[in-house]
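Chain by chain, the residues:
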Amino acid sequence: MPGYRPQPDRDSLGWWERVARRQFAVQECGACGTLRFPPRAFCAACRTEGWNWREVAPEGKVESWIVNRRPFVPGLGDPYLVVMVRLTPVPGCLMYGNWRAERPPEPGERVRGVFTQVDEALTVLDWMPESFIPARPAENPAAG
Ligand SMILES: [Zn+2]
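Values in this document were obtained by computation on a predicted structure and should not be read as measured data. (Residues numbered from 1 in each chain as written. Predicted model: local features only at pLDDT ≥ 70, side-chain atom pairs only at ≥ 80, totals over all residues. Heavy atoms only, no water.)

S.K.: It is not clear to me how the coordination of the zinc ion should be interpreted in this structure. Could you clarify?
M.R.: Each angle at a metal carrying four tetrahedral donors should ideally be 109.5 degrees, and each at a metal carrying six octahedral donors should ideally be 90 or 180 degrees. The protein atoms that coordinate the zinc ion are Cys29 (SG), Cys32 (SG), Cys43 (SG) and Cys46 (SG), at distances of 2.3 to 2.4 Å. Between consecutive donors of the zinc ion, the numbers of intervening residues give the motif C-x2-C-x10-C-x2-C. Remark: cysteine 43 occurs in the loop between β2 (35-36) and β3 (51-55) and cysteine 32 occurs in the loop between β1 (25-29) and β2; sequence separation between them is eleven residues. We classify cysteine 32 as partly exposed; its relative accessible area is 39%. When its relative accessible area of 1% is taken as the criterion, cysteine 43 is described as buried. (Donors = N, O, S within 2.8 Å, 3.2 Å for Na, K, Ca; no water. Helix = DSSP H or I, 4+ residues; strand = E, 2+ residues; numbered from the N terminus. Buried < 20%, exposed > 50% of the residue type's maximum accessible area, 1.4 Å probe, protein only.)

So, in structure tokens, the structure goes:
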């Protein structure tokens with residue numbers, strides 16, 4: 001993704017720092033425990049400020065997608081496909097990302113987040129069909 005540089009703000013900085021370390025996390029309200037994404041200062045459930053980061057599995061289902069045919073970003077090949085994913089561990093949250101497959105997604109398709117190191121300073125999260133990823137060894141239930 002040459003040319004594209006995310007501009008982290010106060011609320012999203014922690015997310016980008018975690019992505020750089022290849023950790024997938026969402027905000028967890030410090031008062032009521034509600035999970036949320038994208039990052040924001042206040043909990044929509046209880047209006048409290050203050051949060052922790054909670055690591056969750058980078059898994060979801062394709063909710064929708066767009067094919068971008070206009071080169072908004074210099075150097076970015078087009079057309080390119082951006083998916084909107086509903087997170088399995090946090091069904092109230094939607095996340096966007098580049099599509100990492102040679103074919104278009106299917107509605108409701110199960111996907112897995114994968115980290116792409118763009119350059120020395122930038123790592124982003126893309127989405128790939130779950131069927132493309134080899135089966136993992138048993139999960140560590142203590143993780144996260
Ligand atoms: Zn809350």
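S.K.: Got a minute to help me understand the nonpolar core in this structure?
M.R.: The nonpolar side chains of a soluble globular protein tend to be buried with one another. Judged by nonpolar contacts, the single largest core of 20 residues is most densely connected at Phe24, Leu87, Met95, Trp99, Leu125 and Trp127. Elements supplying a minimum of two residues to this core: α1 (13-20), β5 (80-87), β7 (110-117) and β8 (123-129). Ranked by the residues each element gives to this core, the list is headed by β5, at four residues. (Core = buried A, V, L, I, M, F, W, Y, C linked by side-chain atoms within 4.5 Å.)

S.K.: What am I meant to see in the environment of valine 85 here?
M.R.: On the secondary structure map, valine 85 appears in strand β5. Judged by relative accessible area, which is 0%, valine 85 ranks as buried. In this structure the C-alpha to C-alpha distance between valine 85 and methionine 95, which are ten residues apart in sequence, comes to 5.2 Å. Setting aside chain neighbours within four positions, we find valine 85 in contact with Gly60, Lys61, Glu63, Cys93, Leu94, Met95, Val111 and Trp127. (Contact = heavy atoms within 4.5 Å.)

S.K.: Explain unusual backbone geometry to me, please; I cannot follow it from the model alone.
M.R.: Peptide bonds are, in most cases, trans, and in most cases residues other than glycine have a negative phi. In the segment running from phenylalanine 37 into proline 38, the intervening peptide bond is cis, with an omega of 0°. Mapped onto the secondary structure, proline 38 falls in the loop between β2 and β3. For arginine 22, which is not glycine, the phi torsion reads 60° and is therefore positive. In this fold, arginine 22 is placed in the loop between α1 and β1. Even without being glycine, arginine 47 reaches a positive phi, approximately 65°. Among the structural elements, arginine 47 can be located in the loop between β2 and β3.

S.K.: I would appreciate a short explanation of the environment of leucine 13 in the present structure.
M.R.: Tracing the chain through its elements places leucine 13 in helix α1. Linking leucine 13 and proline 39, residues 26 residues apart in sequence, is a C-alpha distance of 8.8 Å.

S.K.: How should I be thinking about the sheet that holds β8 in this particular structure?
M.R.: Two modes of strand pairing occur in sheets, parallel and antiparallel, and in both the strands are linked by backbone hydrogen bonds. With antiparallel pairing, five strands are arranged side by side in an open sheet as β6-β5-β4-β7-β8. What marks the edges here is a single partner per strand, and that holds for β6 (94-98) and β8. Mean inter-strand twist for the sheet, computed between neighbouring axes without regard to direction, equals 40°. (Pairing = 2+ DSSP bridges. Axes fitted to C-alpha atoms, helices over the stretch in contact; angles between N-to-C directions.)

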